[in-house]
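Chains, contacts and geometry: an overview
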Amino acid sequence: MLQCARRAYIARVIPSRALLRSSYRPTRNPRGTLPPPSLVHPIGQAGRAYSTAVEDAVPRKKKVWDSVDEAVADVKSGDVLLSGGFGLCGTPDTLIGALAKRKDEVKDITAVSNNVGSGELGLGKLLYTGQIGKIMASYIGGNKHFESLYLNGQISLELIPQGTLVGRLHAHAAGFPAFYTPTGANTAVEQGTIPIRLKEGGIKAGVAIPGNKKESREFNGRKFVLEPAIAADVAFIRAWKVDEVGNCVFRYAANNFSSTMARNAKLTIVEAENIVPVGSLSPNAIHLPGIYVDRIVKATAPKQVEILTVATDANAKDETPVDPAKKAAIEQRHRIARRAAKELKDGFHVNLGIGMPTLVPEFLPPGVKVWLQSENGILGMGPYPSKDKVDADIINAGKETVTLLPGSSVFDSYESFAMIRGGHIDVAILGAMQVSQAGDIANFMIPGKLVKGIGGAMDLVSNPDKTKVIVVMEHTAKDGSPKILKECALPLTGARTVSQIITELAVFDVDREAGHLTLKELAEGVSLEEVRAKTGCEFQVASSLGQM
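Residues numbered from 1 in each chain as written. Predicted model: local features only at pLDDT ≥ 70, side-chain atom pairs only at ≥ 80, totals over all residues. Heavy atoms only, no water.

Here I109 shows up in strand β2 (residues 109-112). Given the relative accessible area of 0%, I109 is considered buried. With near-sequence residues (within four places) excluded, I109 lies in contact with G78, D79, L81, L99, Q131, I132, G133 and K134. (Helix = DSSP H or I, 4+ residues; strand = E, 2+ residues; numbered from the N terminus. Buried < 20%, exposed > 50% of the residue type's maximum accessible area, 1.4 Å probe, protein only. Contact = heavy atoms within 4.5 Å.)

Set out below in structure tokens:
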């Protein structure tokens, strides 16, 4: 019956070929040529006969739920849960809070996020309620509670490079079972040597679940790792503006993983800071089309700032007495950062790791301005804000509040790591625990003792032929042992990736192909003998040895 109705409808509104032939017969003009066809064709005239008002064509089904508790009611034990956010920026705390109420019935969740919250904020709330059985994350950072759970064999952890994490999420969302990436090649990520779970009692008791070894393959002389897609049951997302059919707009750096996660899950629930009527968002402004969103609730949890960092008043005098040892340490870090700044040229695109690298912009030479890229989705990152300009949605990769320069842009994590892996960043400046004479770098964990996480570092060093990698660090560890070695003893962040090492004592250039170091500069008052004594490998000395 439905087919008959369709045929009758088509017969009424679409002219037959015979009718068209009879109604449109162009005649030749006196010159014998045919006139140009009319812009108003009979088919166009017929189309107007059955056109409708735009508003009447919009589906009337809305996705807004009044109850957050009801919206999360379908989350069940054993689900894979994606949680958007970077640090505490853009975290779906309203939805997390609702799920935490179900702690007695929803357990053994596999939570996937860039990090695992801070204290009881973010995913930390579900850690404290005991609802998470496994974390798939890039960075643990200062979450001591989670670190303790993992090191004592009480929770599972799959550490994943940040760009690989968003890439694996994107792969499933786009229908790919896996993808190849240079990130993690020749490291513990490829080799599967980072345990997913330790036995009760920690590393001394042994490994309960070993890491996942990955396949690899060479393309054009470079090694790539095959990474499997991550498929999720549920995604929790926070957005700035969401219309009633699910189109989402994110604000500044609060997008990060969110749009990719929303595309991935079977069930995507968005908490919206502002729920707006259909049609009030410009199609040009939408970051996430509504097709990916299933449920919308009103965000009620306040925004949080993990690390409030503000600009210091240049005119203010600090009368606080400074410990001489602390003052010397600060001066040492500044000396390293000042030397690293000389490697940057005007207009460079630069990524800075957390810690000492963030000091580098303070020492840029006169006339040199650079575009700072932050892997959480900023290009054109500015200095720390004044107190009255702090914005919880504008943070750097270290979770510190920052500003945006005129001409800056913001984007999601998938876009960010395309920039990074693709070699579009001119220079990456990172800290390190150890560096080898061949340019290997280790900077993310001490097995059985310290788990900071990989973060974006493995991605930042994944294309060293296009992105120059500079390491800034103290020459020796706290116990006086060398940090520049023949071979790294700690798990590698990247193999043969570092091109230059800058310490408080010296500057080395690295020949990554030959696998050796050349001493280029000595700090003032530092002898060659001192550098040899504090370096754990042989090195060559430049014919014209300079001074830092």
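Within the open sheet, the three strands sit side by side as β5-β9-β8. Their pairing is antiparallel. The sheet is open, and its two borders are formed by β5 (178-181) and β8 (216-219), each paired with just one other strand. Direction aside, neighbouring strands of the sheet carry axes that sit 35° apart on average. Note: β5 against strand β9 (residues 222-228), four bridges, orientation antiparallel. Bridging from a neighbouring strand, Y180 pairs with L226 of β9. Across the sheet, helix α8 (residues 162-173) lies against β5 and β9, angled at about 150° from β5, the strand it touches most. (Pairing = 2+ DSSP bridges. Axes fitted to C-alpha atoms, helices over the stretch in contact; angles between N-to-C directions.)

Attention shifts here to the packing of aromatic side chains. Summed over the entire model, instances satisfying the criterion amount to three aromatic pairs. Seen from their ring centres, F508 and F539 are 5.3 Å apart, and the 75° between their planes marks the pair as edge-to-face. Taken together, the residues F508 in strand β26 (residues 506-511) and F539 in the loop between α14 (528-533) and β28 (540-547) connect sequence positions 31 residues apart. The ring of W240 has K241 sitting right over it, with the charged end atom 4.5 Å from the ring centre. (Phe/Tyr/Trp six-rings, centres within 6.5 Å; stacked < 30°, edge-to-face > 60°. Lys NZ or Arg CZ within 6 Å of the ring centre and 35° of its normal.)

In terms of nonpolar packing, the biggest core is built from 79 residues, with I501 and F508 touching the most fellow members. Excluding its chain neighbours within four sequence positions, the residues that come into contact with I501 are V435, V471, M473, I484, A506, V507, F508, V510 and L517. Formed by 41 residues, the second largest nonpolar core is a distinct cluster that contains L81, A100, I140 and M445. (Core = buried A, V, L, I, M, F, W, Y, C linked by side-chain atoms within 4.5 Å.)

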